[in-house]
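Here is what each chain is made of, one letter per residue.
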Amino acid sequence: MHDARSYVLVLGAGGKVSAHTVPLLVGTSHHVSALAHNPKHAERLAETGATVIIQDLTKLDREGWARLLTPFDVVVWSAGAGGGDPERTYAVDRDAAMVMIDALEELGEFAPLLINVSYAGAQDGKAEDDGSSWHAYVEAKKAVDLRLLSSKIDQVILGPTLLTDEPATGINILNDAPPQSSETARELVAQVIAEIINRGESFDQNPFEFENGNQKLQDL
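Residues numbered from 1 in each chain as written. Predicted model: local features only at pLDDT ≥ 70, side-chain atom pairs only at ≥ 80, totals over all residues. Heavy atoms only, no water.

A. Main features of the overall build of the chain. Scanning the chain for helices and strands turns up 6 helices and 10 strands. Its C-alpha radius of gyration of 16 Å places the chain within 12% of the 17 Å reference for a compact globule of 220 residues. Seen through its principal axes, the chain has C-alpha atoms that stretch 40 × 40 × 35 Å. A total of about 10800 Å² of accessible surface is found on the chain, and carbon and sulfur atoms cover 46% of it. (Helix = DSSP H or I, 4+ residues; strand = E, 2+ residues; numbered from the N terminus. Rg over C-alpha atoms; globule rule 2.2 N^0.38 Å. Areas by Shrake-Rupley, 256 points an atom, 1.4 Å probe, with all protein chains shown as cover.)

Have a look at this one:
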């Protein structure tokens with residue numbers, strides 16, 4: 001583990017995973033910028049000690065993304081439309097992420113490490129094409145993850161199983177498809193993000209898929 005403080009940009013900072021991630025990173029003395037779409041999240045995020053950025057990611061072109069990303073050592077993609085509207089889901093979860101990846105590729109050696117929060121098995125995800133936001137989410141995550149895995153940018157895809165609000169107790173690394181009953185605490189996802197940033201490097205596995213378990217993160 002290294003002691004250097006990193007400049008970290010958390011995208012989707014108003015979300016439930018980021019509610020754990022942002023204060024955890026601030027608490028470990030990293031310089032955290034928290035980007036959210038909804039201005040209603042600004043006061044809560046500012047109270048954590050993070051620098052707040054209000055921005056609609058779908059409005060950024062490649063140049064705008066490059067300007068946004070350049071100052072940072074790490075960018076955490078934890079953004080998402082949150083369901084409800086298939087068009088908005090594609091716009092945020094797929095299209096905005098793809099433009100961000102374009103910008104990271106253009107930045108080359110100056111690009112920050114990307115930690116992409118996805119879900120276990122997303123690269124092979126399938127859902128009935130019923131026009132729902134769930135189908136859009138599955139297709140968006142699959143497209144982004146496959147694009148990342150074929151890219152040369154410094155990145156790691158995190159694949160938790162079904163997210164819950166239970167306290168984190170430990171981790172179990174997945175090497176095979178998880179059972180349908182598998183769950184992962186959102187707090188654990190935040191801890192994994194923080195562990196990668198604290199170490200200054202990602203885990204060897206990519207995608208890094210995991211669930212609740214009994215092993216300590218620090219022992220990995």
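B. Seen up close, the packing of aromatic side chains. What the rule picks out here adds up to 5 aromatic pairs. Where F203 meets F208, the ring centres are 4.3 Å apart and the plane angle is 20 degrees; that geometry is what we call stacked. Residue classification places F203 among the buried residues on the basis of a relative accessible area of 10%. Exposure remark for F208: the relative accessible area of 2% places this residue in the buried category. Judged by centre distance (5.6 Å) and plane angle (40 degrees), the ring pair of F208 and F210 falls under tilted. (Phe/Tyr/Trp six-rings, centres within 6.5 Å; stacked < 30°, edge-to-face > 60°. Buried < 20%, exposed > 50% of the residue type's maximum accessible area, 1.4 Å probe, protein only.)

C. Broad picture of the pattern of salt bridges. Applying the stated criterion across every chain yields a total of 9 salt bridges. Between E63 and R67 there is a salt bridge, with the nearest N and O atoms lying 3.0 Å from each other. In this pair, E63 and R67 both sit in helix α3 (residues 62-69), 4 residues apart, roughly one turn of the helix. Accessibility assignment for this pair places E63 and R67 in one class, exposed. (Salt bridge = Lys/Arg side-chain N within 4 Å of Asp/Glu carboxyl O.)

D. Region of the structure containing the pairing of strand β5 (residues 113-117). Of all 5 residues in β5, 5 are buried, a share of seventy percent or more. Here β5 shows a buried face lined by L113, I115 and V117 and a second buried face lined by L114 and N116. Two elements, strand β4 (residues 74-77) and β5, share 4 bridges in a ladder whose sense is parallel. Looking at the pairing, V74 lines up with L113 of β5. Between β4 and its parallel partner β5, the chain crosses via helix α4 (residues 86-107), and the hand of that crossover is right-handed. Crossover β5 to strand β6 (residues 155-160) through helix α5 (residues 133-149) is right-handed. (Pairing = 2+ DSSP bridges. Right-handed = clockwise from strand over helix to strand, strands pointing away.)

E. Examining the sheet that holds strand β8 (residues 171-173) more closely. Overall, mixed pairing links the 8 strands, which are arranged β3-β2-β1-β4-β5-β6-β10-β8 in an open sheet. Whereas interior strands pair on both sides, the edge strands pair on one side only; in this sheet they are β3 (51-54) and β8. The mean inter-strand angle of the sheet, taken between neighbouring strand axes irrespective of direction, is 25 degrees. Bridge count for β8 against strand β10 (residues 208-212) is 3 bridges, and the pairing is antiparallel. Each bridged residue has a counterpart across the sheet, and for I171 the counterpart in β10 is N212. Seen against the sheet, helix α1 (residues 18-27) touches β1 (7-11) and β2 (31-36) and runs at an angle of roughly 170 degrees to β1. (Axes fitted to C-alpha atoms, helices over the stretch in contact; angles between N-to-C directions. Contact = heavy atoms within 4.5 Å.)

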